[in-house]
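Each chain, written out:
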Amino acid sequence: MSFGETPITVIGNLTADPELKFTEGGAALAKFTIASTPRVFDRESNQWKDGQATFFRCAAWRQLAEHAADSLTKGARVVASGRIRQHDWKTDQGENRSMLVLEVDEIGASVRFTTVTISAKTARTAPAGGGGESWPTGPARSDDAKYSDEPPF
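Residues numbered from 1 in each chain as written. Predicted model: local features only at pLDDT ≥ 70, side-chain atom pairs only at ≥ 80, totals over all residues. Heavy atoms only, no water.

1. Here's the deal with the overall build of the protein chain
Helix and strand content of the protein chain: 1 helix and 8 strands. Its helices and strands taken in sequence order, the protein chain reads β-β-β-β-β-β-α-β-β from the N to the C terminus. Burial status across the protein chain gives 25% buried among its 153 residues. Taking the intrachain contacts of the protein chain between residues at least 6 apart in sequence as the baseline, contacts between residues at least 24 apart amount to 60%. (Helix = DSSP H or I, 4+ residues; strand = E, 2+ residues; numbered from the N terminus. Buried < 20%, exposed > 50% of the residue type's maximum accessible area, 1.4 Å probe, protein only. Contact = heavy atoms within 4.5 Å.)

Right under this line is the structure:
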């Protein structure tokens, strides 16, 4: 993190499995969204209710990206820490667009409502030839013997 940047921590649930891709240079990038929904107490009904959700588009890079894609799935409650970045671009029609993204430095499963098992992981290399092709990810597999760590292309 650079001097003067404000760190932010977000706690919430993943809205989908992290999407893992590789840049042409071979760097892993995981994109995902965290929905952070506050709980508010409704005095009239004397019950807790969900407040308005805030959705944070997130990006994780390199080994963190690979580990997040291998470990986290839709619905997982996570604690993510990083910094907000603004991305500006022009559409094909010449319209200016802007989006805020949480560039994640650390992410992990929350153990507030569940338990997790932690295991060591060896680094995976980018697919030969780069190309920015996506590497499909999905829920954790119970029988890893059927699957290879090699990309499917």
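2. Here's the deal with the nonpolar core
Among the nonpolar cores identified, the biggest contains 20 residues, and L20, F32, I34, V78, V104 and I107 are the most heavily contacted of them. In terms of residues, this core owes the most to one element, strand β3 (residues 28-36), which gives 4 residues. Once you skip the residues sitting within four places of it in the chain, I34 turns out to touch V10, I11, G12, N13, L14, T54, F55, F56, C58, V78 and A80. (Core = buried A, V, L, I, M, F, W, Y, C linked by side-chain atoms within 4.5 Å.)

3. Overview of the packing of aromatic side chains
All chains considered together, the criterion is met by 1 aromatic pair. Each ring, one from F41 and one from W48, has its centre 5.3 Å from the other, and the planes form 65°; the classification is edge-to-face. Judged by its relative accessible area of 36%, F41 falls in the partly exposed class. The class for W48 is exposed, based on a relative accessible area of 53%. (Phe/Tyr/Trp six-rings, centres within 6.5 Å; stacked < 30°, edge-to-face > 60°.)

4. Description of a nonpolar patch on the surface
Taken together, the side chains of V111, V116 and I118 make up a nonpolar region of the molecular surface, amounting to roughly 320 Å² of accessible area. Checked against the element boundaries, I118 lands in the segment after β8 (96-109). Of the residues examined, I118 reaches a relative accessible area of 78% and is grouped as exposed. (Patch = residues over 30% accessible without salt bridge, like charges linked within 9 Å, V, L, I, M, F, W, Y side chains within 5 Å. Areas by Shrake-Rupley, 256 points an atom, 1.4 Å probe, with all protein chains shown as cover. Salt bridge = Lys/Arg side-chain N within 4 Å of Asp/Glu carboxyl O.)

5. Examining the environment of Q47
Structurally, Q47 is set in strand β5 (residues 47-50). A residue is classified by how much of its surface remains accessible, and Q47, at 47% relative accessible area, is partly exposed. Q47 has contacts with V40, F41 and D42, leaving out every residue within four places of it along the chain.

6. A few points about helix α1 (residues 62-71)
Taken together, the buried positions of α1 are A65, E66, A68 and A69. Buried residues along α1 cover an arc of 165° about the axis, so they all sit on one side. The secondary structure elements touched by the buried residues of α1 are β2 (19-22), β3, β6 (54-61) and β8. (Arc of directions from axis to C-beta.)

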